[in-house]
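Read off the chains here:
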Amino acid sequence: MGLAMMPDYRAALCARADRAHLVVGEDDARFVAIAQALVGECPRLAMDCVTGSGHDLTLEQPIVLAGDIARAIRPWLMHGKE
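Residues numbered from 1 in each chain as written. Predicted model: local features only at pLDDT ≥ 70, side-chain atom pairs only at ≥ 80, totals over all residues. Heavy atoms only, no water.

(A) View of a nonpolar patch on the surface. Judged by side-chain polarity, L3, M6, Y9 and I34 come together as a nonpolar surface patch covering roughly 360 Å² of accessible area. Taking relative accessible area as the criterion, M6 reaches 38% and is therefore assigned partly exposed. (Patch = residues over 30% accessible without salt bridge, like charges linked within 9 Å, V, L, I, M, F, W, Y side chains within 5 Å. Areas by Shrake-Rupley, 256 points an atom, 1.4 Å probe, with all protein chains shown as cover. Salt bridge = Lys/Arg side-chain N within 4 Å of Asp/Glu carboxyl O. Buried < 20%, exposed > 50% of the residue type's maximum accessible area, 1.4 Å probe, protein only.)

So, in structure tokens, the structure goes:
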């Protein structure tokens with residue numbers, strides 16, 4: 001399903017910005033622009049732009065993506081353990 005066919009989830013994403021983390025490849029200009037627009041609408045959203053990657057981070061930069069995911073979820077994993 002392309003973006004044009006998907007429902008608009010921007011309001012829901014903004015409402016959960018403290019639990020969301022956007023990760024895009026720097027060579028994917030379309031999705032970088034979309035992510036930057038989302039952060040502009042909701043500054044609490046976190047965003048990482050991965051160098052040396054295009055649209056498919058799982059294939060192009062899997063280790064960097066795994067690190068971004070680990071850093072993003074660490075606060076939830078550590079909540080109440082400190």
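So that's the structure; there's more coming.
(B) Structural context of the nonpolar core. In terms of nonpolar packing, the biggest core is built from nine residues, these being A17, A20, L22, V24, V32, A35, L38, C42 and L45. Secondary structure elements with two or more residues in this core: β1 (21-25) and α2 (29-41). Among the elements that take part in this core, α2 stands out by supplying three residues, more than any other. Contacts of L45, omitting those with residues within four sequence positions, involve L13, A17, A20, L22, L38 and V39. (Core = buried A, V, L, I, M, F, W, Y, C linked by side-chain atoms within 4.5 Å. Helix = DSSP H or I, 4+ residues; strand = E, 2+ residues; numbered from the N terminus. Contact = heavy atoms within 4.5 Å.)

(C) Expanded view of the state of the cysteines. Evaluation of the coordinates by the stated rule reveals one disulfide. Note on cysteine connectivity: C14 is disulfide-linked to C42, with sulfurs 2.5 Å apart. With a gap of 28 residues between them, C14 in helix α1 (residues 10-15) and C42 in the loop between α2 and β2 (46-50) connect regions that are remote in the sequence. Relative accessible area serves as the criterion here: at 21%, C14 is assigned to the partly exposed category. Left without a disulfide partner, C49 is nearest to the cysteine sulfur of C42, which lies 19 Å away. (Disulfide = S-S within 2.5 Å.)

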